[in-house]
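Geometric and topological summary
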Amino acid sequence: MIVEHLELRNFRNYDSAKISFMPGLNVLFGANGQGKTNLLEGLFFLSCARSFRVSEDRQMIQDDKDAAKLSVRVRNDDREQILSGVIYPSQKTLSVNKRPVAKLSEFVGLLNTVLFSPLDMELFHQAPRYCRRFVDQELSKVSRDYLESLRSYNGVLKERNLVLKGEHVDMVYLSVLNTRFVQAMWPVVTGRRKFISELNALLPDHYQKLTGEKHEVQLRYRPGFVWVQNAAELEKQVEKNVQRDLTMHQSVSGAHKDDLEILLDQHPADGYGSQGQKRMLMLALKLSLCSWIEAKSQKKPVLLFDDVFSELDFRHQQQLLNCLPEGVQTLITTTDDSALREYSLPCRRFVIHEGTIEEKNGG
Ligand SMILES: Nc1ncnc2c1ncn2[C@@H]1O[C@H](COP(=O)(O)OP(=O)(O)OP(=O)(O)O)[C@@H](O)[C@H]1O
Ligand SMILES: [Mg+2]
């Protein structure tokens, strides 16, 4: 999958900007606050129909403007598609080849990206909600079934919690809900468990190649309930815990309490690894994800690497460049492009300055 051409209008600090990328490495270079992350955010929006750093779309509209417009031409083998979006203060419209789509699911994933953002380092700080979002977001990209299961789980969870909050609980209805709760939860938790185990099969290799060091790296799935072998046993567990849930007026355990731990040499990486090691570990995770998506969808995603070089020493910056997967289009933003001096493959460089983009030759 190749992003060929991007256009932004009234988006963040871009009045009107156009940029054409090449298939391999593209470097967006510029000082702080010039619009590098904004540009990746624009592409991410055209991939996932939302921002990766703000929850309100309206924040992406340029100050004092009514709407932001974005459009990208994407090539997938021999097929070209134009994906576009218009963001208004309280709604957005999304189109494929100029035809508006009716549902988000018809748009999300047409441009498949793997993003590294410094915000991802939050994954280490044991914020379970963030970990679940990471897993859900990636799984949903390749599996509509998973997305459906997740939606249905969230729906039943909401309904069950509402019932548990009530003063007079209809126990017959609660029992029906328990069954539905388990039916919806089982595909979610088995999907997450399988995903994490598949990533674990890829991660050590990527980490070793990136760092040249032999550390043990591993993701650990921590279910928000006592793990069981099948849905029938899970239902027994839910029934057994009904009294506790009634007392607490909420579903105390379940997939909504799942967590993910990242281990370095069998310790939680957060309090054990150095800043640089954690960054390399997160990058190895993103590269594993890239391989995983390619294996699942037979398509190479586009890598969006925001500010990847900070906290890495010169050698690690170069190692990262050498480990970029072949044939995968990669966009890197940086304030310091010195590591690229010895990069031997062709790449395209751009200078970003106050919301303008200029191609810089030589590279
Ligand atoms: N809605 C908006 N309208 C206009 N300008 C905005 C808007 N949102 C953010 N900006 C501006 O965008 C700039 C930040 O851009 P961005 O985050 O892309 O910087 P950057 O080049 O990635 O910098 P750094 O190297 O520090 O990460 C800021 O100057 C900010 O004022
Ligand atoms: Mg930035």
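The following paragraphs examine the structure supplied in this document. (Residues numbered from 1 in each chain as written. Chains lettered and ligands numbered in written order. Predicted model: local features only at pLDDT ≥ 70, side-chain atom pairs only at ≥ 80, totals over all residues. Heavy atoms only, no water.)

**Observations regarding the sheet that holds strand 12 (residues 302-305)**
Strand order in the open sheet formed by 6 strands is 8-12-13-3-14-15, and the pairing between neighbours is mixed. Of all strands in the sheet, those bounded by a partner on one side alone are strand 8 (113-116) and strand 15 (356-360). Across the sheet, the mean angle from the axis of one strand to that of its neighbour is 20°, orientation sign disregarded. Pairing between strand 8 and strand 12: 4 bridges, direction parallel. (Pairing = 2+ DSSP bridges. Helix = DSSP H or I, 4+ residues; strand = E, 2+ residues; numbered from the N terminus. Axes fitted to C-alpha atoms, helices over the stretch in contact; angles between N-to-C directions.)

**Quick look at the sheet that holds strand 10 (residues 259-264)**
One open sheet holds the 3 strands; their spatial order is 9-10-11, and the pairing between them is antiparallel. Among the strands making up the open sheet, the edge pair consists of strand 9 (217-222) and strand 11 (267-268). Examined bridge by bridge, strand 9 and strand 10 share 6 bridges and lie antiparallel to one another. Pairing of Arg 222 across the sheet is with Asp 259, part of strand 10. Against the sheet, helix 4 (residues 171-211) touches strand 9 and strand 10, its axis set at about 170° to strand 9. Sheet strands in contact with helix 8 (residues 275-297) are strand 9 and strand 10, and its direction is about 120° off that of strand 10. (Contact = heavy atoms within 4.5 Å.)

**Considerations on the state of the cysteines**
Under the criterion given, the structure shown has 0 disulfides. Here Cys 323 is not disulfide-linked; the sulfur of Cys 290 is the nearest cysteine sulfur, at 13 Å. Given the relative accessible area of 21%, Cys 323 is considered partly exposed. Residue Cys 347 stays outside any disulfide, its sulfur separated by 16 Å from that of Cys 323, the closest cysteine. Given the relative accessible area of 12%, Cys 347 is considered buried. (Disulfide = S-S within 2.5 Å. Buried < 20%, exposed > 50% of the residue type's maximum accessible area, 1.4 Å probe, protein only.)

**Considerations on the pattern of salt bridges**
If the charged atoms of two oppositely charged side chains come close together, the side chains can form a pair. A full pass over the atoms with the stated rule returns 27 salt bridges. Residues Lys 286 and Asp 120 are paired through a salt bridge, measuring 3.2 Å at the closest nitrogen-oxygen approach. One end of the pair, Lys 286, is in helix 8; the other, Asp 120, is in the loop between strand 8 and helix 2 (128-142), and 166 residues separate them in sequence. Neither residue differs from the other here; Lys 286 and Asp 120 are each classed as buried. Between Asp 205 and Lys 209 there is a salt bridge, and its shortest N-O distance comes to 3.6 Å. Of this pair, Asp 205 and Lys 209 both sit in helix 4, separated by 4 residues, roughly a single helical turn. Overall, Asp 205 belongs to the partly exposed group, its relative accessible area being 44%. (Salt bridge = Lys/Arg side-chain N within 4 Å of Asp/Glu carboxyl O.)

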